[in-house]
Amino acid sequence: MKELMLGNKAFARGLYEAGCQVASSYPGTPSTEITEEAAKYDEIYCEWAPNEKVAMEVAFGAAMAGKRSFCGMKHVGLNVAADPLYTASYTGVNAGMVIAVADDAGMHSSQNEQDSRHHAIASKVPMLEPSDSAEALEFTKLAFELSEEYDTPVIVKMCTRVSHCQSIVEKGERVEITKPYESNIAKYVMMPGNAKKRHPFVEERTKKLIEYAETSGINRVEEGSAKLGIICDSTSYLYAKEVFGENASVLKLGMANPLPVKLIKDFASKVERLVVIEELDPIIEQHCKALGLEVEGKEVLPIVGEFSQNLIAEKLGLPEKESCKLDAELPMRPPAMCSGCPHRGVFYTLNKNKCTVIGDIGCYTLGAVAPLSAMHMTLCMGASVSATHGFNKALGAEAEGKTVAVIGDSTFMHSGMTGLANIAYNQSNSTVIILDNSITGMTGHQQNPTTGYNIKGDPAGKIDLEALCKSMGFNRVRVADPYDLKEFDKTLKEELAADEPSVIISRRPCVLLKYVKTNPPLKVNNDKCRGCKSCMRLGCPSISFKDGKARVDNTLCTGCGVCKQLCAFDAFE
């Protein structure tokens, strides 16, 4: 049966058909939907783990036990999971273990543009790279087979366009494969004596995988004009085919690591001009140059951002394709916190108090955007807490009374807890604000260990944030309502003035959650409005200013009442 599927949904279908039985992931755009779709199959146990390292270790344990397993993450999540990945390369697996990593060229929803192929190369783990939904399904099934045949975890690298675009896939049946578990200390206990013996196995495995890459068909030649030869991967293959058609011969690489040698040399020998088209880093290009080939690549194509048909045509000296151009320019639409977002009151208060705000990864990073302009650093998941400790240790009392860490509930569970333990242990007088909106908001409302529900929405273990913080050694743990500006301001001032570390839990659920009841929208009494624009300092998309008066869009307003608290003339009713 054929079906139009998102790449991520097709990946999940591949997990199902391959007989995957355990999936553990942490949500991260653009990878999130893989695990959400997999959770719709009762045959696959699925969970959201607290972070990617935990997810990979869960998948490894399941594979060692003899069940095909999976973990999924975005590119920066693979940094978090690198520790188990690099050693799992040495141990190998029992049943197949597949890792999805989704890169984000163009940084649609990420803090950097890193190329995950580097992790595959450095960990000496094979990586497959689908170009569309059909290959996402096919390569996922193949990845399990390779994992078991070559005794290795296998990474399947997605990207934003493959994950979130649709194409036709043909569905198949599920086939379950279970391996018996056998104790093997020399294979699985990676102390130095055993690890030394496993390293030669990894190097020999790489040689075998190169031989596989030469002839397997996952890397294929599509013959066209011999005047131009293109080596490409992922979405670059689709762009190249659309731009050049039969006017070029193409070597399409479906295996990103290890790369073939003989196949590339043979292809290069048959074309007059050789060009590598790959997004981000010149990994294929450098491989070709190391083989002594004369090849064009990053000297004409950019090393940053996403590619497109017209970009490739322009850089390689061809006319743009009219079918790939928009007739009109789209208006700018900068991101903003939603109407009624509970974080808005927090950042308004922080800005008003001229705090130095060390921020974190989540939708609340928009607190840095005007007019709130209340965040001064965002690095990576959990860094806000640790960096605040370092900032305060460096500057002492002059910083401690004005500096706060801001971190979401899911991010706190991901990697904020260890930073908080460091504050308690090494005693900086730091104030940490945990934005508890009862969900993982930025990636589309996934559950986390503080919500009390699992990936299917069933009741699950629930971590008590107040009790957790107190157990870490914090005497001052306060819960505040961010909709109450006066009370939140009072709480913030008191905790910043305290002579010991403290935690403020800003608790109000995400306004977009289906079960959250909103109030009727507010309206502006034009007779009372003085046009002072105090309400505009909130940056609420429900409020605009026209003809000298504030206006409320009643299709957006949730009636949170924060703007009402700023109006000295009671114009909001």
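Coordinates for the structure precede this section.
What you are looking at is a predicted structure, and each value in this text was computed from that prediction instead of being measured. (Residues numbered from 1 in each chain as written. Predicted model: local features only at pLDDT ≥ 70, side-chain atom pairs only at ≥ 80, totals over all residues. Heavy atoms only, no water.)

Asks: Describe the side chain of T91, with residues and values.
Replies: Here T91 shows up in helix α5 (residues 82–91). There is a polar contact of 3.2 Å between the side chain of T91 and the backbone oxygen of A88. Look past the residues within four positions of T91 in its chain and what remains in contact with it is F60, D151, K187, Y188, M190 and R198. (Helix = DSSP H or I, 4+ residues; strand = E, 2+ residues; numbered from the N terminus. Polar contact = N/O pair within 3.5 Å; in protein donor to acceptor, adjacent residues only side chain to side chain. Contact = heavy atoms within 4.5 Å.)

Asks: How would you explain the packing of aromatic side chains if you had to name every residue and give the values?
Replies: All told, the structure shown has four aromatic pairs when counted by the stated rule. Here F11 and F70 contribute two aromatic rings whose centre-to-centre distance is 5.5 Å and whose plane-to-plane angle is 55°, an arrangement assigned as tilted. Taken together, the residues span a long stretch of sequence, with F11 in helix α1 (residues 7–17) and F70 in strand β4 (residues 69–74) at a distance of 59 residues. Pairing F60 with Y188 gives two aromatic rings, centres 6.2 Å apart and planes at 70°, and the pair type is edge-to-face. One end of the pair, F60, is in helix α3 (residues 52–65); the other, Y188, is in helix α9 (residues 185–188), and 128 residues separate them in sequence. Just above the ring of Y237 sits the side chain of K252; from NZ or CZ to the centre is 5.6 Å. (Phe/Tyr/Trp six-rings, centres within 6.5 Å; stacked < 30°, edge-to-face > 60°. Lys NZ or Arg CZ within 6 Å of the ring centre and 35° of its normal.)

Asks: Account for the sheet that holds strand β12 (residues 255–257), naming residues and giving values.
Replies: Strand order in the open sheet formed by seven strands is β3-β2-β4-β5-β7-β6-β12, with mixed pairing between adjacent strands. Since the sheet does not close on itself, it has two edges, and those belong to β3 (45–48) and β12, each with one partner. Pairing of strand β2 (residues 22–25) with β4, which is carried by two bridges, proceeds in the parallel orientation. Following the sheet pairing, A23 is matched in β4 by F70. Across the sheet, α1 lies against β4, β5 (97–103) and β7 (154–159), angled at about 160° from β7, the strand it touches most. (Pairing = 2+ DSSP bridges. Axes fitted to C-alpha atoms, helices over the stretch in contact; angles between N-to-C directions.)

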